[in-house]
Amino acid sequence: ILNVEQSPQSLHVQEGDSTNFTCSFPSSNFYALHWYRWETAKSPEALFVMTLNGDEKKKGRISATLNTKEGYSYLYIKGSQPEDSATYLCAFWSGYALNFGKGTSLLVTP
Amino acid sequence: DVKVTQSSRYLVKRTGEKVFLECVQDMDHENMFWYRQDPGLGLRLIYFSYDVKMKEKGDIPEGYSVSREKKERFSLILESASTNQTSMYLCASSLSSPGQSEAFFGQGTRLTVV
């Protein structure tokens, strides 16, 4: 079982705050790193698929960076909104399957 | 839109019953996966398949089996349901190289074994 760690486990911020989460993964035999957002009562949806060291991806107020040599990725949310409340999952593609971290649960209050 | 459909949203079964969870995808994806999600444990891989009639064990295959007779359908089977299999089950599919492409998930089946 590949170890994919996410921190923090949960986060509570005020509307307008910026925040970031960390995902750490095995640095050897890297294939890809995925980020997903999972809202309550919905299915997980992909945010980013990252494959290259130094990759930076952006979608609206959300961005992510990737460091494959040291085995970590950061997800940033700028100016958090209540609709950003969700669980954010990272997943490491090991060459045969996606291995997920336990997620970071974000709550944004007005 | 890619669609991954799981046959039931909620299911209640008795201990010892044989349980079938069905998953169908409409995007001709080669890979299909079954995960279970439990509080504090995240998504754990049960089984996956990269082609028709092919199957591979994930991290927690004990007590489960799978069937993939057609490309679009991937079934998870609990041969004799037990209470420790009470969980949320998620099916996902992806193109043959998910390192390059995202996975698409079904809506989940919340199974309760009593």
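Here the structure is shown first, and the text comes after it.
Residues numbered from 1 in each chain as written. Chains lettered and ligands numbered in written order. Predicted model: local features only at pLDDT ≥ 70, side-chain atom pairs only at ≥ 80, totals over all residues. Heavy atoms only, no water.

1. Details of the interface of chain B and chain A
One frequent convention defines the size of an interface as the accessible area lost when the parts assemble. Put simply, the rule is: Residue contacts are counted whenever heavy atoms from the two residues lie within 4.5 Å of one another. For any pair of parts, buried area is found by adding up, for both, the accessible area (1.4 Å probe) each one loses once the two are put together. Each reported salt bridge corresponds to a side-chain nitrogen of Lys or Arg within 4 Å of a carboxyl oxygen of Asp or Glu. Contacts described as polar in this section are N or O atom pairs within 3.5 Å, which, within protein, must combine one atom able to donate a hydrogen with one able to accept it, while residues neighboring in sequence count only if both atoms come from side chains. Secondary structure elements are defined from DSSP: runs of H or I of at least 4 residues count as helices, runs of E of at least 2 residues count as strands, and each element is numbered from the N terminus. In this count, Pro and Cys sit with the nonpolar residues alongside Ala, Val, Leu, Ile, Met, Phe, Trp and Tyr, while Asp, Glu, Lys and Arg are called charged and the others, Gly among them, polar.
The interface is formed by 21 residues belonging to chain B together with 20 residues belonging to chain A. In total, chain B and chain A occlude about 1,700 Å² of area from one another, counting both sides; carbon and sulfur atoms represent 64% of this. Linking chain B with chain A are zero salt bridges, by the criterion used here. Remark: the boundary between chain B and chain A carries six residue pairs in polar contact (both at pLDDT 80 or more). Those elements that place two or more of their residues in the side of chain B that touches chain A are β4 (31-38) and β5 (42-49) of chain B. Broken down by element, the residue count for the side of chain B that touches chain A peaks at four residues, all from β5 of chain B. For the side of chain B that touches chain A, the residue count by class is ten nonpolar, eight polar and three charged.

2. So, the packing of aromatic side chains
Operational definition: Two aromatic rings, drawn from Phe, Tyr or Trp (for Trp, its six-membered ring), form a pair once their centres lie within 6.5 Å of each other, and the interplanar angle then sorts them: stacked below 30 degrees, edge-to-face above 60, tilted otherwise. Relative accessibility thresholds used throughout: buried, under 20% of the residue-type maximum; exposed, over 50%; partly exposed, between the two (1.4 Å probe, protein chains only). Counting as a charge over the ring demands two things of the Lys NZ or Arg CZ atom: a distance within 6 Å of the ring centre and an angle within 35 degrees of the ring normal.
This structure, assessed with the given rule, holds 14 aromatic pairs over all chains. Ring centres of F100 of chain A and F105 of chain B lie 6.0 Å apart, and the angle between their planes is 70°; on these two criteria the pair is classed as edge-to-face. Here the residue F100 of chain A occupies a position in strand β10 (residues 98-100), and F105 of chain B occupies one in strand β10 (residues 104-105), the pair thus bridging two chains. Of the two residues examined, F100 of chain A and F105 of chain B, each falls in the buried class. Site record: aromatic cluster; members linked through ring pairs are Y36 and F100 of chain A together with F33, Y35, F48 and F105 of chain B. The lysine or arginine in question, K59 of chain A, covers the ring of F48 of chain A, its NZ or CZ lying 6.0 Å from the ring centre.

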